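# Report on the structure
Spelled out, the chains give:
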Amino acid sequence: MSLIRKIKDYYKKGKYLLFTTPSHAQGEFIIPAARQILGEKFFKSDFSEIEGFDNLRQPEGIIKKLNTRISDIYNTKASFMLTNGSTSGMIAAMLSILKAGDKVLIARNTHISVYNGLVLTGAKPVWFMPEYDEIWGIYKGIQSKQIKDLLNKHTDIKALIITSPTYEGLFSETEEIAKICKDNNVIFIVDEAHGALLNFADFMSKPACCCAADISINSLHKTAGAPNPCALLHVSKYSQVEPDDIQSALNLINTTSPSYPLLCAIEACVNYLDSNQGRKQIINLLENIEKFKQNLSKNFKVYEGFNDPTKLLIKTESTSACAIAEFLNKKYKIEEEYSTDNAMLFITGIGTKQYKLNHLEKALKHIIEHEKIHPHPGHNNTAHIPQMHCTPAEAFQKVHKHIDKSEAAGMVCASPITLYPPGIPLILPGEVFDTNTIKIITFMDEVDICC
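What you see is a predicted model, and the numbers here were worked out from it, not measured in a lab. Residue numbers here run from 1 along each chain, matching the order of that chain's written sequence. A pLDDT threshold of at least 70 governs which residues receive local features in this predicted model, and a stricter bar of 80 or more applies before side-chain atom pairs are shown or counted, although totals over entire chains, interfaces and linings include all residues. Hydrogens and waters are ignored; side-chain quantities use all the structure's heavy atoms.

## Some thoughts on the layout of surface pockets
Note the following rule: Using a grid of 1 Å spacing that covers the protein atoms alone, one calls a set of points a cavity when a 1.4 Å probe fits there but cannot get out, and a pocket when the set is open and has protein on both sides within 12 Å along at least five of seven lines; lining residues are those with an atom within 4 Å of a point. Grid points are joined across faces, edges and corners, and a volume is the space filled by probe spheres set on the points. By definition, any uninterrupted DSSP run of H or I lasting at least four residues is a helix, any uninterrupted run of E lasting at least two residues is a strand, and each is numbered from the N terminus. Lys, Arg, Asp and Glu make up the charged group, whereas Ala, Val, Leu, Ile, Met, Phe, Trp, Tyr, Cys and Pro make up the nonpolar group; the residues left over, Gly among them, are polar.
Roughly 330 Å³ of volume is contained in the second largest pocket. It is helix α13 (residues 354-370) that provides the largest number of residues to the lining of the second largest pocket, a total of five residues. Residues of the lining of the second largest pocket, tallied by class, amount to eight nonpolar, five polar and five charged.

Structure below.
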């Protein structure tokens, strides 16, 4: 039984008089401004856990069947629908396996949600830097040799967390890393938020849940067509993690009033991706991207490597990418995902039509041939790992105060400082401000320190 069908049948059979939340009573009363933005159908699908509609916290009926269907599609031990994005999935994954004092090996280019998980679990991070590409200004995918060397050095690691594909689309050697983790009894978590299409077309890398990673998380809203913040958490068939532990962790952090419209959106999105039409749509997207790259002015270069082609990382040797992005935005009404001095990132997805790619290609050509481009200040993603004084959880509990940035050297950071995008932390709570970090944070006058 489908949740979408269940809601449709509810109206066909004659609706009940509900004295329950939500108080708009399935659209009998809609605030006018909300009606203009969301329309009536959104409210008609917005229910509480009434009879027959199951409960996301303890699914036993329609939601359990839907989770099982999604698990079958992704070939996992268990899959969970997330209505609070991949952030909730990452935190739940960490809560399900880590406790205070556990050591967790973490790539430094992970999402800020990993820091949130460290605060809530009390785990001790062992950070490492992926290899950095100076030409493109991005972190590369992680090689298995680096993980093998790190686990040989740190023999008491409980879990490993990496991001693959990265924000810019670079894949890590996930399958090989999973084998190394299994050999070392290390639980392997992959933030695969940007890889929501991997299960449904031929990409350079297989999805993490098919590579024996223990847990992976997909953001369906990033590339797969679902609204914010629809996501999925997968426990692979090869995982030592128990699905019941994931459910318990999700219950700690999730609302007790989940969004049924978002649950329906997740169902519709997964069904579409798994259909012939959905798979053809992804293939069509990849073909259009390839045409875009072939037609792009020779003055520009698109990143080509072990990467996801739906992430268009573009640079030119002649000028700052930030300056070009400024022209795109102000004159051509095109907004990139982010830009640095090195390159611009354009994220495409299942909803990216060919005309948009054509317009971008023509705009870039016109800019490079006809516009007078002035230097534009940008930033690079380079970072280092400051010395850790205490864990993020310990720092979170300490008294904080603001001080002038010029006085911060040697002090312990109390609030994360992260460049957005792409969200890679420059310094996290519990780490010590050093001169290199202070030089990088030119956009701040004051910082928070632990007293």
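## Topic: empty space enclosed by the protein
All told, the structure shown has four cavities of 30 Å³ or more when counted by the stated rule. Of the volumes computed, that of the largest cavity is approximately 60 Å³. Lining the largest cavity, in full, are L56, R57, N67, F80, M81, Q247, L250, N251, N254 and T255. For the lining of the largest cavity, the secondary structure elements donating two or more residues are β1 (78-82) and α9 (243-253). The residue inventory of the lining of the largest cavity, partitioned by class, reads four nonpolar, five polar and one charged.

## Quick look at the sheet that holds strand β6 (residues 157-163)
Rules: DSSP-based pairing: two strands are paired if at least 2 bridges between them are found. Structural elements are reduced to axes, namely lines fitted to C-alpha atoms, with helices fitted over the stretch in contact, and the angle between N-to-C directions of any two is expressed from 0 to 180 degrees. By definition in these notes, contact holds between two residues if any of their heavy atoms fall within 4.5 Å.
Within the open sheet, the seven strands sit side by side as β1-β9-β8-β7-β6-β2-β3. Their pairing is mixed. The open sheet has two edge strands with one neighbour each: β1 and β3 (124-128). Averaged over neighbouring strand pairs, the angle between their axes works out to 20° when direction is ignored. Of the strand pairs in this sheet, strand β8 (residues 215-219) and strand β9 (residues 231-235) are connected by five bridges, and their pairing is antiparallel. Bridged to S219 within β9 is A231. Here helix α5 (residues 112-121) sits on the sheet and contacts β2 (103-107), β3 and β6; the angle it forms with β2, its principal contact strand, is near 170°. α9 contacts β1, β8 and β9 of the sheet and is inclined by roughly 15° relative to β1.

## Description of the packing of aromatic side chains
Rules: Only Phe, Tyr and Trp rings are paired, with Trp represented by its six-membered ring, and only when their centres lie within 6.5 Å; those with planes under 30 degrees apart are stacked, over 60 edge-to-face, the remainder tilted. For every residue, the accessible area (1.4 Å probe, protein chains only) is compared with the maximum for its type, and the residue is labelled buried under 20%, exposed over 50%, or partly exposed between those bounds.
Scanning the entire structure with this criterion turns up twelve aromatic pairs. On the basis of an interplanar angle of 85° and a centroid distance of 5.1 Å, the ring pair of Y10 and Y11 is categorised as edge-to-face. Take Y11: its relative accessible area is 27%, and that puts it in the partly exposed class. Relative to F200, the ring of Y74 has its centre 5.5 Å away and its plane inclined at 85°; by these criteria the two rings are edge-to-face. Linking Y74 in helix α3 (residues 62-74) with F200 in the loop between β7 (187-191) and β8, this pair joins segments that are 126 residues apart in sequence.

## Quick word on unusual backbone geometry
Following T21, the chain continues into P22 via a peptide bond in cis, with omega recorded as -5°. Examined against the element boundaries, P22 turns out to sit in the loop between α1 (3-12) and α2 (32-44). In this structure, P229 follows N228 across a cis peptide bond, with omega equal to -10°. Looking at the secondary structure, you find P229 in the loop between α8 (220-223) and β9.

## Quick word on the pattern of salt bridges
Stated formally: Criterion for a salt bridge: a side-chain nitrogen of Lys or Arg within 4 Å of a carboxyl oxygen of Asp or Glu.
Scanning the model with the defined rule gives 15 salt bridges in all. The residue K206 makes a salt bridge to E175 at a minimum N-O spacing of 3.1 Å. Pair noted here: K206 is in the loop between β7 and β8 and E175 is in helix α7 (residues 174-183), with a separation of 31 residues, a long-range link. Among the residues examined, K206 registers a relative accessible area of 42% and is labelled partly exposed.

## Topic: the side chain of S219
Heads up, the condition is: Polar contact criterion, stated in full: a pair of N or O atoms within 3.5 Å, where within protein one must be able to donate a hydrogen and the other to accept it, and residues adjacent in sequence count only if both atoms are side-chain atoms.
Tracing the backbone through its elements, the reader meets S219 in strand β8. At 2.5 Å, the side chain of S219 forms a polar contact with the side chain of S86.

## Re helix α4 (residues 85-97)
α4 sits mainly inside the fold: eleven of its 13 residues count as buried. By the burial criterion, the buried members of α4 are G85, S86, S88, G89, M90, I91, A92, A93, M94, S96 and I97.

## Quick look at the sheet that holds strand β11 (residues 311-316)
Pairing in this open sheet of four strands is antiparallel, and the strands run β10-β11-β13-β12 from one edge to the other. Each edge of the open sheet is held by one strand with a lone partner, namely β10 (300-302) and β12 (338-339). The sheet contact formed by β12 and strand β13 (residues 344-347) spans two bridges and is antiparallel. Bridge assignment links S339 to a residue of β13, and that residue is M344. Most of the contacts of helix α12 (residues 321-332) go to β13, to which it runs at about 50°, and overall it touches β10, β11, β12 and β13.

## Describing the packing of α1 against helix α10 (residues 260-273)
Selection rule: For this classification, under 35 degrees means roughly parallel, over 145 means roughly antiparallel, 65 to 115 means roughly perpendicular, and everything else is oblique.
Running from amino to carboxyl end, α1 crosses α10 at an angle of 125°, the nearest separation of the two axes being 8 Å. Taken together, α1 and α10 sit at an angle that is classed as oblique. Counting all contacts with α1, which are made through L3, I4 and I7, the residues of α10 involved are Y260, L263, C264, E267 and A268. Split into classes, the residues belonging to the contact of α1 with α10 amount to seven nonpolar, no polar and one charged.

## Topic: the pairing of β11
In terms of residue burial, β11 counts as a mostly covered element, since six of its six residues are buried. Across the two faces of β11 the burial is the same, with K311, L313 and K315 and L312, I314 and T316 all buried. Note: β11 against β13, four bridges, orientation antiparallel. Looking at β13, one finds that K311 is bridged to I347.

## Digging into the nonpolar core
To keep things clear, this is the line we draw: Here, nonpolar core refers to any group of buried Ala, Val, Leu, Ile, Met, Phe, Trp, Tyr and Cys residues whose side-chain atoms link them within 4.5 Å.
If you look at the biggest cluster of nonpolar residues, it comprises 59 residues, and the most contacted ones within it are Y74, L220, L273, I314, L328, M344 and L364. When residues of this core are assigned to their parent elements, the largest contribution, nine residues, is made by α10. Residues in contact with L220, not counting those within four places in the same chain, are Y74, A196, G225, A226, C230, A231, L232, I266, C269, V270 and L273. With 32 residues, the next largest nonpolar core counts A93, V104, I187 and I246 among its residues.

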